[in-house]
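What the coordinates show
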Protein chains: 2
Amino acid sequence: MNHISFIPRAEIFRVLESGAARHEKLRLIADICRINALSSIKLAGSGHIGSSLSSMDIFVFLYFEEMNLLRLGVTHPGRDVFYSSKGHDCPGQYAVMAAAGMIDDEKLQQLRRLGGLEGHPEVTTPGIEANTGSLGMGISKGKGIAIAKRLRGDGGRVIVLTGDGELQEGQIWESLQSSAHHGIDNLWAIVDANKVQTDRPVCDVLELKNLEAKVRDFGWTVARCDGHDFSALDAAFRLLKNASGPKMIIADTVKGKGVSFMETIDGGLYKWHSGAPDDDSYERAINEISGRLHAAFDTLGISKPVFRPANPAISTAYPVSTERVVAAYGEALLELGKRREDIVALNADLSADCGTRPFEAAFPGRFIECGISEQDMVSTAGGLALSGFLPIVHSFSVFLASRANEQIYANATENTKIIYVCNYAGVLPAGAGRSHQGVRDASLFGALPNCVIAEPCCADETKQLIEWCADEAKENCMIRLSIFSSPGPVKLPDDYRLTAGRGVMLRDGGDGVIFVYGPVMVFEAVKAAELLANKGFSLRVVNMPWLNRIDAGWLAEAVSGCRAVFALDNHSPHGGLGDSLLNALSETSLIQSRTFRKLAVDDYPVCGLPAEVLAHHHLDAEGIAASVAAATTEGLSPLLTSS
Amino acid sequence: MNHISFIPRAEIFRVLESGAARHEKLRLIADICRINALSSIKLAGSGHIGSSLSSMDIFVFLYFEEMNLLRLGVTHPGRDVFYSSKGHDCPGQYAVMAAAGMIDDEKLQQLRRLGGLEGHPEVTTPGIEANTGSLGMGISKGKGIAIAKRLRGDGGRVIVLTGDGELQEGQIWESLQSSAHHGIDNLWAIVDANKVQTDRPVCDVLELKNLEAKVRDFGWTVARCDGHDFSALDAAFRLLKNASGPKMIIADTVKGKGVSFMETIDGGLYKWHSGAPDDDSYERAINEISGRLHAAFDTLGISKPVFRPANPAISTAYPVSTERVVAAYGEALLELGKRREDIVALNADLSADCGTRPFEAAFPGRFIECGISEQDMVSTAGGLALSGFLPIVHSFSVFLASRANEQIYANATENTKIIYVCNYAGVLPAGAGRSHQGVRDASLFGALPNCVIAEPCCADETKQLIEWCADEAKENCMIRLSIFSSPGPVKLPDDYRLTAGRGVMLRDGGDGVIFVYGPVMVFEAVKAAELLANKGFSLRVVNMPWLNRIDAGWLAEAVSGCRAVFALDNHSPHGGLGDSLLNALSETSLIQSRTFRKLAVDDYPVCGLPAEVLAHHHLDAEGIAASVAAATTEGLSPLLTSS
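The rules behind each value
- Residues numbered from 1 in each chain as written.
- Chains lettered and ligands numbered in written order.
- Predicted model: local features only at pLDDT ≥ 70, side-chain atom pairs only at ≥ 80, totals over all residues.
- Heavy atoms only, no water.
- Core = buried A, V, L, I, M, F, W, Y, C linked by side-chain atoms within 4.5 Å.
- Buried < 20%, exposed > 50% of the residue type's maximum accessible area, 1.4 Å probe, protein only.
- Contact = heavy atoms within 4.5 Å.
- Pairing = 2+ DSSP bridges.
- Helix = DSSP H or I, 4+ residues; strand = E, 2+ residues; numbered from the N terminus.
- Right-handed = clockwise from strand over helix to strand, strands pointing away.
- Axes fitted to C-alpha atoms, helices over the stretch in contact; angles between N-to-C directions.
- Buried area = accessible area lost by both parts, 1.4 Å probe.
- Salt bridge = Lys/Arg side-chain N within 4 Å of Asp/Glu carboxyl O.
- Polar contact = N/O pair within 3.5 Å; in protein donor to acceptor, adjacent residues only side chain to side chain.
- Nonpolar A, V, L, I, M, F, W, Y, C, P; charged D, E, K, R; others polar.
- Phe/Tyr/Trp six-rings, centres within 6.5 Å; stacked < 30°, edge-to-face > 60°.
- Least-squares fit on C-alpha atoms with pLDDT ≥ 70 in both.
- Expected span 1.5 Å × (residues − 1).

Let's talk about the nonpolar core
- Core analysis: the biggest nonpolar cluster contains 310 residues, and F515(A) and F515(B) have the highest contact counts within it.
- Those residues in contact with F515(B) that sit more than four places away from it in its chain are V542(B), M544(B), W554(B), L555(B), A558(B), V559(B), V565(B), F566(B), A567(B), L568(B), L577(B) and L581(B).

Have a look at this one:
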């Protein structure tokens, strides 16, 4: 994409030194940052456009006008601490931080790259004050920072930016009540009220009603203003400055602000929440903004802003097929909905991502959009299950398995049946970072005695699995789903029938056997077996979709003849398939005279492009092959070397 | 306790057939139920008094006056569905259900007993509509039931009783907004607004401010009335009857209502929230209520109500020492607070239970009472940690590890250090049931790469552990603590120094080795070893406080000479010490030629008295000895029989 270009920081200096009025300067800086944010997203191949643009003027106002941060520096104890609780607007924030000299121009080209700028903010980037990306935690955390300032007697405020959809999270209301009760004077919140959440208007998903009144009832002092008007923002800060207790500015903004066609909602749907713009849209957007800039620079009598083309992209291609298991899941759910009237699907503002839109369109009465309120969603499902329905609950793995964990437990103690579909399971896609990569979900469901956990590796197995869960399972089910495009469709035997507790051999081998699941890891494991075959090592590959149910008789067959056994988890080494296999091998004594090694995501998952992230975790074919070879040749166990 | 007595259901019939006015009858029934609730708590040895009494008149009004339930029956699809979201008021509810004939008089004497009435409501008791006990889920679940009624076209309402302290849970506000948005007309909530949470006034912990206004702003229609006045309750129901959308009645009540000395707050503390009354208090309470009843019965010209003595208690004594590790923890925390000014303690309305009151009293500025808002508490701790403080976060294991799981994860990704103290870990005390027994916590923390998990077995080890966590640990720490009185203080070697990754042998043996932790399980394991010794089996007992850090060299010594290895978890078999040991044995090849068996809480923990619950789970000395004997003599593995 050699036409992607950025405006270097030098141009910010030219604006600041120009004869423009103060707020006109901020407007020009914001437009420069809009271009850089769009370019960084385009270069990254993903990122959140709408919210980066709606909060852009707020970022610029805070860094360049309102906060003491640039004056005191990012480590000064008296600095104003600022971060965005929603976090996905970080392309906008990074662009402004670059304009302010906190991030190098070069780094701006490394959005969502390994070692670059995280897909959601992390404190490893100097100037980023908190990790965010999962919604609703920001004000609570800000309260902690504000209390710390109070305890130390440090000056400065804590200013937390939130979304308006984000206010649907219950934790927000916990944090509002406690901040008010404890009279946290140095805590400010700004709501980027752009009126649109993932892809629908907030008022359609879960109406906020009279937000000002609600927040005032919770004990905060509130002002409301146009979030694209620097004078209005300034006035709001002045207005609240001397109020006691915590303070909130509701900043009315427009999602996609600054690019006309990104400001619109078509047919009830907003299409610029996340994802990189296509070439044409990118070009049109840049042209629109640069047109404004050119005119303004002309008026100021200064030469047009300089654009610098992006560095040539480093190729880190990763194979992509036309298959997405989430899409297959969506089709299967639709069919299931036609066949069974007791099925109710629930979602938490991620319907398109989770593949539930076809079901939603076909059965609006049996689809419940819960908004960004995972706990409420899960307990609602509990009530439906108590009433004889079969609820199927959807969200991203991190949000569902973790945020609503106690609600899932409470439901499970009632011995009803609920299906939980944990999307975004595993390390890929890795652009959004660890707030989004689900690698703990199996461990979080594992200690429920009555819940089976499974992940399918291809479209066919996905359909079989959801049917099994709905029609056959006697207990709760947790399905992990990759939302990533399958690197290459896995070829299962033609007569493959999913059978509880049993996997299926995809490739035979006698030197070792690896158990693996999911589209990405099965693909990599088969490739690893090919690499090893070239070195004379024969690796059996077994697709094992059941993470916590293992048929002992089948296992004995599956490992027979192999002295080395491997489990490959697209999950933490704790509580995944590896632990289940190890337990089964121990209980059956199959472990005797065999070595066992777990390959897994053995640290927090990193952010980056697919190939570089898999390589980092040693979970690409090369890494897997190397681990297998090392374990079996360098003496993981004396058994092998002595055999 | 042969003076404990109940008023049988026959007396309810006499009241109903008397010439009393309708609401006078309800008042008498409520007082009879007050006596029965107090007697069941006294007999159980624990239970929640204050809330049972404050909500008693509401229960009576609903079952005997407002609901169609007694007329239609508990399985009729058009019935009014009612349950208490707070759940701990179930002694009151059970008494009213017994008065209504839904529960046998005899069963009322089985509160908190195995196979009896659960310590918090469970659907296994006919007429109980939902499992509750962890706060804040009730309205969400009620919404699900109400939607199910709508989908099926069934009549009847869903009526959910909540506490007022409970409204601090964020999920409540999620459920309020979504119920209003979706216009759930058949959903009602009643707030038992008794103004007191665990042991302090709600307004002191986290003030609710103008609750009516808040709930109205969230889109509900609201009425407020005296919750002890049946006419007022009736009027509130009539007032809201035709309102569209969900409806809430805020019922102003008095905690402990009906027993004068249980209605008072002394020195800012309310002392009748939970726990059985002592003999004198029980007698005074019964005398006060029965005095009212006698007078009323006299006025009605009917003979005094009959009291029936409780059945003789079945002895299921369990040893109790004067040691409580929580108390030792509290002392150690206080000492730590004196020594380190960077320590901030946080709690979520369980300060007395978690032993943090001494710290709170000594360092009020460094103690943060967060109310019943675990998510807010954990993220607040995150902010403090980012600011260089060492936060120590306290709650019950189920609420902290599960409800706030994603917040814990988000904090951990920031690579700060926080200490999480999970109280009420393990199956004992078992009276409150599975909403309170923490047996999943290690699995819920296990997949955090930078968190050590440990549980001490005695006062001395508790003190060493919190000091190690504060002073030595480089990573996050999760401490499991039993709030149960230690059955017998564990005797550690005089020179015992807690060392990361290493346990300590308490008793030697050569036929097998068992790894165990915590005051209850170590006590039982040592007893089991004694039982086994009498049968000629020599069991080594190793106290292993580290659930997820195992020093490989130490492990080799610890198992040396033993062919059978056992792990004993006061936790689910998933993600506890057993899994860590199995992994370590596998990685070191120590598993070869050894058998390994996990003993653990292998289903949902049951409710009951300590001895019967341990026996049920085969975790008492006899059960442990039997498991060890069975595994080693009946051929868990061919290895042993062939050796």
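There is more to say after this.
What about the pairing of strand β5 (residues 221–226) of chain A?
Residues and elements named next belong to chain A.
- As paired strands, β5 and strand β6 (residues 247–252) are joined by 6 bridges and run parallel to one another. When the bridges of β6 are listed, D226 appears paired with D252.
- For the crossover from β5 across helix α11 (residues 230–240) to β6, the handedness is right-handed.

Considerations on unusual backbone geometry
Residues and elements named next belong to chain A.
- The amide bond that connects L428 to the next residue, P429, takes the cis arrangement and shows omega of -5°.
- Positive phi values are uncommon outside glycine, yet S589 reaches one of about 65°.
- Relative to the helices and strands, S589 resides in the loop between α22 (577–587) and β18 (595–599).

Focus on the sheet that holds strand β17 (residues 564–568) of chain B
Residues and elements named next belong to chain B.
- Strand order in this open sheet of 5 strands is β14-β16-β15-β17-β18, and the pairing throughout is mixed. Sheet topology places β14 (504–507) and β18 (595–599) at the edges, where each strand pairs with a single neighbour. On average, each strand axis in the sheet is tilted by 25° relative to the strand beside it, whichever way the strands run.
- Of the pairings in the sheet, the one linking β14 to strand β16 (residues 539–543) comprises 3 bridges and is antiparallel in character. Considered in β16, the bridge of V504 is made with N543.

Thoughts on the interface of chain B and chain A
- If you look at the interface, chain B gives 102 residues, while chain A gives 101 residues.
- For the chain B and chain A pair, buried surface summed over both sides reaches about 8,400 Å², with 54% attributable to carbon and sulfur atoms.
- Inspection of the region where chain B meets chain A yields 6 salt bridges.
- Across the pair D376(A) and K143(B) runs a salt bridge whose closest N-O atoms are separated by 3.0 Å.
- Taken together, the links from chain B to chain A amount to 66 residue pairs in polar contact (both at pLDDT 80 or more).
- Partitioned by chemical class, the residues of the side of chain B that touches chain A number 37 nonpolar, 39 polar and 26 charged.

Here we look at the packing of aromatic side chains
All names here are of chain B.
- For the structure on display, the rule yields 31 aromatic pairs over all chains.
- Pairing W188 with F237 gives two aromatic rings, centres 4.9 Å apart and planes at 25°, and the pair type is stacked. Of this pair, W188 sits in strand β4 (residues 187–193) while F237 is found in helix α11 (residues 230–240), placing the two residues 49 residues apart along the sequence. When sorted by exposure, W188 lands in the same class as F237, which is buried.
- Here the aromatic rings of Y420 and F445 are separated by 5.6 Å at their centres, their planes lie at 55°, and the arrangement is tilted.

Observations regarding the relation of the copies chain B and chain A
- By a simple turn and slide, chain B fits onto chain A: the slide is 0.0 Å along the axis, the RMSD is 0.0 Å, and the turn is 180°. A rotation of that kind, with that shift, is consistent with a two-fold axis. Distance from the rotation axis, computed per C-alpha, reaches its smallest value in chain B at G170(B): 1.9 Å.

Brief notes about helix α15 (residues 374–386) of chain B
Residues and elements named next belong to chain B.
- The terminal C-alpha atoms of α15, which comprises 13 residues, lie 19 Å apart, in line with the 18 Å expected from a rise of 1.5 Å per residue.
- The buried fraction of α15 amounts to 12 of the 13 residues, a majority that puts the element mostly inside the structure.
- Listed in full, the buried residues belonging to α15 are E374, Q375, D376, M377, V378, S379, T380, A381, G382, G383, L384 and A385.
- One or two positions beyond α15, positive phi appears at G388, with a value near 95°.

Considerations on the pattern of salt bridges
- Taken as a whole and judged by the stated rule, the model has 84 salt bridges over all chains.
- Measuring nitrogen to oxygen at the nearest pair gives 2.8 Å for the salt bridge that ties R340(A) to D342(A).
- Since its relative accessible area comes to 19%, R340(A) is described here as buried.
- A relative accessible area of 23% means that D342(A) is categorised as partly exposed.
- Across the pair D57(B) and R34(B) runs a salt bridge whose closest N-O atoms are separated by 3.1 Å. Of this pair, D57(B) sits in helix α4 (residues 56–66) while R34(B) sits in helix α2 (residues 22–44); the two residues are 23 residues apart in sequence, bridging distant segments of the chain.
- The exposure class of D57(B) is buried, given its relative accessible area of 5%.
- Take R34(B): its relative accessible area is 3%, and that puts it in the buried class.
- The structure contains a network of salt bridges with shared partners spanning D31(A), R34(A), D57(A), E288(A) and R292(A).

Points about the sheet that holds strand β13 (residues 476–480) of chain A
Residue and element names in this part refer to chain A.
- An order of β9-β8-β10-β11-β13-β12 is seen for the 6 strands of this open sheet, with the pairing classed as parallel. With partners counted over all chains shown, the strands left at the sheet margins are β9 (367–369) and β12 (451–454), one partner each. In this sheet, neighbouring strand axes are inclined to one another by 15° on average, regardless of whether the strands run parallel or antiparallel.
- Sheet topology note: the strand β10 (residues 390–396)/strand β11 (residues 419–423) ladder contains 5 bridges and is parallel. Paired with F396 across the strands is N423, a residue of β11.
- Lying on the sheet, helix α15 (residues 374–386) is in contact with β8 (343–347), β9, β10 and β11; it crosses β10 at an angle near 165°.
- Each of β10, β11, β12 and β13 is contacted by helix α19 (residues 459–472), which is oriented at about 165° to β13, the strand it contacts most.

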